[in-house]
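# Chain and residue survey
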Amino acid sequence: MQKEKLSGYIALMPSKPGIYQFVDSSGEILYIGKAKNLKKRVVSYFSGAQPGKTHVMLKRAVEIRHVIVDNESDALLLENNLIKKHQPRYNILLKDDKSFPWICIKAEPFPRVFITRNVVKDGSAYHGPYASSLMVKTLTELFRQIYKLRTCSLNLTESNISAGKFRVCLEYHIGNCKGPCAGLQGESEYLASTGDIRDILKGNISSVISHLKEEMMNLSAGMRFEEAQAVKDKIEILSGFRSKSAIVSAVVKNVDVFGYTSEGEYAYVNYLKVIEGAVVQAFTLELKIRLEEEKESILASAITEIRGRFSSDSPEIIVPFSPDIQLNTIRYTIPRAGEKLKLAELSERNAIYYKLEQKKRRAGKLKPGERTGKNLEKLRNDLHMSDLPVHIECFDNSNIMGTNPVAACVVFRNGQPCKKDYRHFNIKMVEGPDDFASMEEIVFRRYRRMLDEDIPLPQLVIIDGGKGQLSSAMKSLNKLGLSGSLTVIGIAKRLEEIFFSGDSVPIYIDKNSISLKIIQRLRNEAHRFGITFHRNKRSTSMLISELDSIKGIGPVAKEILLKRFGSVEKIREATPDELKEAVGVKKSELLLKSFQKPE
């Protein structure tokens, strides 16, 4: 019956690419779809029984509209734009990204570069959105460190600057700005800096470094060595930043990678942008499925939306399966082996982790008595553990230039610190500042003793550091035969990358995830506990070494003096009579002479 009601529209439907719209009696658009062949696609809605929501939508529809386009790619783009404009009841719902931060390069003379959560269509360039606020802050701090950009909101037109309306502020005097407001920096030089920033945000760090190297050589050839050194400093900062990027492939240069997963009425599409073998951008889009749609159609819509948001022009897209409509000039790759397969698996993992995070958020607030168990259950799932991590231990090294090397182990039970089980370690077998060897030593000592004393082992071990420290810890566990008995991870600073043994590619847990918060809490507590011990040891070492330099003051006298006065400073302040009373006449004279303190 429904087909008969709409048969007139179906008969007029062309066999060409385009979009179609189901419309109800009030003129409201119920659903917008795309098709390679409009006639075949629309007819398919009336061939056999349809799922519940589709059946309801078809019953409400009284009209079918269509728009013809030149090709499949145009159909995909038009569908995406119309869904955003009309937001039909039965189309997938794209999760709004207003809460995510962007980096804005303002459309103005001497453009400012700043973080914003509001995208305004004023001609400014917006880069993002970024899932990590830490990443955005790191990038903007990097830009200000290298390029000395202005932060003021003054209207720096040529006429205002020429008229001398502005004076340099404190930012200029402390070296954070070059003073374009007072004509001390030309606009061409400033725009060259913002041009480099645009390239960096697009992931083209190599081209910026090459440009700076050429500039440095030219300055050196012109005997302008101080300026050349300043450019060299910029190169070193950028090279250091690039080395912290997650290098995932030496072969894959410029691709977009998409991972897909779904559960119930939600689908999740993860996006990784890879440039020069490094992941320079990561984002996950959540879609609420309102009508029964095939995953190929959902993936195609998500790819169009995400590439539009990030202004991506990568010529190759790695996907888990082929979308129902393909974009012009784009090559789709479904990898079966090699580096590209690893990238596809990484993207899928991130989509799954995001799905678990969102599922947790929708579950609502937990009762106080359930919170700890739920949090640990979440951590277990995120780290793919077989056992609930009710006993967790975290290790951290501490030394300054190799002096007084120490380490710390903190213990959490049922998600809370168990301070009676905390342990300090003096490094005994390692000379000099070797964090890897120190980590190997303390992990071996800790678990050798636990095995000898038949103490239950933890379910999870966290190593403060990246792949190097993790590998060192695993050497000791392998020696003890424990490599398969414990889950061991490393957490690298700055980007908060989580490394697993035997996997060179890190995972990125959602920055708002309770799992990451638990790991960070352990890492921070181990650092606090270790650094406190290190300071105390260093302080004691400094006190004792100063008394050691005084000939005639032996171990017994040192112990008496430190017990009586507490510190070398207090010994210096003591009167001659107090010193005589403590260690006798001869030793007091030696102390007074050493401290150059007249009687």
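Cut-offs and rules
- Residues numbered from 1 in each chain as written.
- Predicted model: local features only at pLDDT ≥ 70, side-chain atom pairs only at ≥ 80, totals over all residues.
- Heavy atoms only, no water.
- Disulfide = S-S within 2.5 Å.
- Buried < 20%, exposed > 50% of the residue type's maximum accessible area, 1.4 Å probe, protein only.
- Core = buried A, V, L, I, M, F, W, Y, C linked by side-chain atoms within 4.5 Å.
- Helix = DSSP H or I, 4+ residues; strand = E, 2+ residues; numbered from the N terminus.
- Contact = heavy atoms within 4.5 Å.
- Polar contact = N/O pair within 3.5 Å; in protein donor to acceptor, adjacent residues only side chain to side chain.
- Expected span 1.5 Å × (residues − 1).
- Pairing = 2+ DSSP bridges.
- Axes fitted to C-alpha atoms, helices over the stretch in contact; angles between N-to-C directions.
- pLDDT = per-residue confidence, 0-100.

This brings us to the state of the cysteines. Between two cysteines, a covalent bond joining their sulfur atoms is known as a disulfide. A full pass over the atoms with the stated rule returns 0 disulfides. Its sulfur unpaired, Cys152 is 5.9 Å from the next cysteine sulfur, which belongs to Cys181. When its relative accessible area of 25% is taken as the criterion, Cys152 is described as partly exposed.

Membership of the largest hydrophobic core comes to 30 residues, with the highest contact counts inside it found for Ile103, Val113, Phe143, Tyr147, Leu149, Ile197 and Leu201. Of all the elements in the fold, those that place two or more residues in this core are β5 (102-105), α6 (133-147), α9 (187-201), α10 (205-221) and α11 (225-243). Apart from residues no more than four positions distant in its own chain, Leu201 is found in contact with Ile103, Ile105, His127, Tyr130, Leu139 and Phe143.

You can see Arg150 is positioned in the loop between α6 and α7 (158-162). A polar contact of 3.4 Å, which involves the side chain of Arg150, links it to the side chain of Glu108. Within the structure, Arg150 has its side chain in polar contact with the backbone oxygen of Leu154 (distance 3.0 Å). With sequence-adjacent residues up to four places away left out, Arg150 is seen in contact with Glu108, Pro109, Phe110, Arg112, Leu156, Cys177, Pro180 and Tyr190.

Its 13 residues place the ends of helix α16 (residues 467-479) 18 Å apart at the C-alpha level, agreeing with the 18 Å of an ideal helix rising 1.5 Å per residue. All buried positions along α16 are accounted for by Gln469, Leu470, Ser472, Ala473, Met474, Ser476 and Leu477. Those residues of α16 hidden inside the fold are in contact with α15 (435-452), β18 (460-464), β19 (487-492) and β20 (497-500). One or two positions beyond α16, positive phi appears at Gly481, with a value near 75°.

Next up on the list: the sheet that holds strand β3 (residues 63-68). Strand order in the open sheet made by the 3 strands is β2-β1-β3, with antiparallel pairing throughout. Every other strand in the sheet has two partners, leaving β2 (29-35) and β3 as the edge strands with one partner each. Pairwise comparison of adjacent strand axes, ignoring direction, gives a mean angle of 20° for this sheet.

This next bit is on the sheet that holds strand β7 (residues 125-127). Spatial strand order, β6-β5-β7: 3 strands in an open sheet with antiparallel pairing. Both edges of this open sheet fall to β6 (113-116) and β7, since each of them pairs with a single strand only. When strand polarity is set aside, the average angle formed by the axes of neighbouring strands in this sheet is 30°. In the sheet, β5 pairs with β7 via 3 bridges, with the strands oriented antiparallel. The residue bridging Ile105 from the neighbouring strand is Ala125, located in β7. Seen against the sheet, α9 touches β5, β6 and β7 and runs at an angle of roughly 155° to β5.

The pLDDT averaged across the protein works out to 82; a share of 88% of its residues lies at or above 70. Across the protein, the element-wise mean pLDDT spans from 48 in strand β8 (residues 246-247) up to 92 in strand β12 (residues 316-318).

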